[in-house]
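Next come the chains, spelled out residue by residue.
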Amino acid sequence: MRNVLHRGCLRATYFLGLIGCASAQWLNYPTPGVPKTPSGLVNLGAPTLRTADGKPDFSGMWEAENINGGQNDLPVAPQFGNIGARIESGVPYQPWAAELRDARFAEHSKDDPSTYCLPHGVVRTWTYATLKKIVQVPGLIVLLDEHNASYGKYSPMTVHCPKTRTQHGTAIRRRRGRATLLLSKPLAFGMDSGWINAAVQ
Amino acid sequence: MTMGFKRGSLIVLCGLALIAGCASGQWLNYPTPGIPRLPDGKPNLAAPAPKAADGQPDLSGVWTINTAANLANVLKPGDVQPWAEALTKQRQENLGKDNPSSVHCLPFGPSLASATNFLKIVQTQRLIVILSEDLTYRQIFLDGRGLPIDPNPSFMGYSVGHWEEGTLVVTTTGYNERTWLDNAGHPHTESLRTIERFHRNDFGHLEITETFDDPKTYTRPWTIKATRELMPESDLLEYVCNENNKDIPHLVGKASDANGAAVEVAPETLATYAGVYAGTRPGGRPIRFEIFPSGRELWFSRDGAARQRLTPIANTKFLTPAGPQLEFLEESGKIAALQVYGVGLDVRLPRVREAK
């Protein structure tokens, strides 16, 4: 029953779009301390905020860039349907992986782990349409995801990756200049359970 | 910049996710920097509670349950509205097969803070996030906002908090009514309003009281208490309930089915079982059963919870209402231990005290 419901939800997500939420939440609560333009709007072009230790502050609500018009009210990254959408020559699949991808297309993604209410893993977290919230404290970044009300954790580079395989992986971050690299390992990738895109075109 | 970060991260994730270079097991023994330690190097859980940059207590950390809250100890006859009492009994008769969280993998809901799961608290000045091992989270806003007026009902509700003399006071409304308040099946409605008070007594101990106010279900507000202990140098493990969840087809039968298997045990035999049986479960957490004979019946209390009646199925074997079986073990002509059999639980508890 649950799976039937969630397949229904998944199809609704793909083909009908996400239904907007009621407006009585905290959806329009003013965020204090954000830079504003003269018109009073939030200035997204202002310099990056810094934490107390001088590092870039990623805290806040984030949505995907709106390339394809999104799915009704939510922008969707092109990598949602195809993780290689911005790789010129496509994803360099091994033959077995390309075959598996084709098989998943042919089956209309019916075995997508999300269909079975499993976490969609850290890679798809970034391309999924649901909104993300980053909470950043010294030594830890938490990524909250509307999908299943789930989260992922990122720890500083001073620790080593563990060996255990998990749905969301265990992520560490390393700063190189102004950029942050996220190293996630081990993930339950590929044929085991995780998908890296929705396998829909 | 935003998209640059995302694109960069994504590419790096894809490209580097499989690189080598990782070592050690999980992060369960990773040393937590800056924590107070004893002379032998172990974390000093009795040290003073740490403070956040704003001077308030810092509740951050991974917390295990120490003393679980027990609704049955708090609720008295007449406290539960008749419809809710009937629904609770129906859920117990069905052996909890409709339990939203443990069976159907839905979030804990309003009992998250007092349930027997591991939690990680991440604290900022304006927001506290509580992470659970089932990969769900909860947000508590400390930025002065008020509760939403007519919120879309949700599993975790909408929480705002403030500090009162070193205690975090959290008010939550906007719950949906799909969750149970405990494994006994106590229900609630969307009218539920909870007030939680989090107090970090010292470095290693967190006291939580939670008041439930739901006049549609209960005739008065009532409060439970739970304590949690810090797990320094550890972390949450993923618990994905829906992964390989094959329980549901096997959850058959009724609690009353056990009555058909019941046998009569002589009161003098029951009297020999009285006392306390205690030990530790796999993983090291303590477990304690106290046994109370009462005429032709035998009752038990687990971990200080309310007494429940046992159903005898043999002279030495008994069924608990929640499912685990108890067997009294004899050595040298005396009852020496209690064997507990259940899902994920198979432990021998020595008798530590006979009846007073």
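Anyway, here's the lowdown on the structure attached to this text. (Residues numbered from 1 in each chain as written. Chains lettered and ligands numbered in written order. Predicted model: local features only at pLDDT ≥ 70, side-chain atom pairs only at ≥ 80, totals over all residues.)

1. Examining the overall build of chain A
When you go through chain A residue by residue, the secondary structure sums to 3 helices and 6 strands. Secondary structure of chain A in N-to-C order comes out as α-β-α-α-β-β-β-β-β. Across chain A, the fraction of contacts at a sequence separation of at least 24, relative to all contacts at a separation of at least 6, is 50%. (Helix = DSSP H or I, 4+ residues; strand = E, 2+ residues; numbered from the N terminus. Contact = placed C-beta atoms within 7 Å.)

2. Remarks on the sheet that holds strand β16 (residues 334-342) of chain B
Residues and elements named next belong to chain B. A barrel is described by the order of its strands in space; here 8 strands give the closed sequence β10-β11-β12-β13-β14-β15-β16-β17, paired in antiparallel fashion. With direction set aside, neighbouring strand axes in the sheet form an average angle of 35°. Alignment of strand β10 (residues 275-280) against strand β11 (residues 286-294), held across 6 bridges, turns out to be antiparallel. Looking across to β11, one finds that Y277 is bridged to F289. (Pairing = 2+ DSSP bridges. Axes fitted to C-alpha atoms, helices over the stretch in contact; angles between N-to-C directions.)

3. Considerations on unusual backbone geometry
Residue and element names in this part refer to chain A. A positive phi angle, close to 60°, is found at S109, a residue other than glycine. For S109, a count of 20 C-beta atoms within 10 Å corresponds to the buried category. Within the chain, C117 stands out as a residue other than glycine whose phi angle is a positive 65°. Take C117: it is sitting in the loop between α2 (95-106) and α3 (121-127). (Buried ≥ 20, exposed ≤ 12 C-beta atoms within 10 Å, placed from the backbone.)

4. Here's the deal with the nonpolar core
Residues and elements named next belong to chain B. Ranked by internal contacts, the top residues of the largest apolar core, which has 48 residues, are W63, I121, I130 and L131. With residues up to four places along the chain from it excluded, the contact list for I121 reads L59, S60, G61, W63, I128 and I130. Counting 16 residues, the second-largest nonpolar core is a separate cluster that includes Y273, F318, L326 and V340. (Core = buried A, V, L, I, M, F, W, Y, C linked by C-beta atoms within 7 Å.)

5. With respect to the pairing of β10(B)
Residues and elements named next belong to chain B. Following β10, the chain reverses through 5 residues before pairing antiparallel with β11; G283 in that reversal takes a positive phi of roughly 105°. Relative to strand β17 (residues 345-354), β10 is paired through 3 bridges, and the arrangement is antiparallel. When the sheet's bridge partners are listed, V276 is paired in β17 with R353.

6. Comments concerning α2(A)
Residues and elements named next belong to chain A. Between its first and last C-alpha, α2 extends 17 Å over 12 residues, near the 16 Å set by a 1.5 Å rise per residue. Buried residues are scarce in α2, accounting for 0 of its 12 residues. H108 lies just past α2 and shows a positive phi near 55°. (Expected span 1.5 Å × (residues − 1).)

7. Observations concerning the environment of B:F328
All names here are of chain B. Locating F328 in the fold gives a position in strand β15 (residues 325-331). On a C-alpha basis, the gap between F328 and N245 in space is 32 Å, while along the polypeptide they are 83 residues apart. If sequence neighbours within four positions are ignored, F328 has contacts with Y273, T316, I335 and L338.

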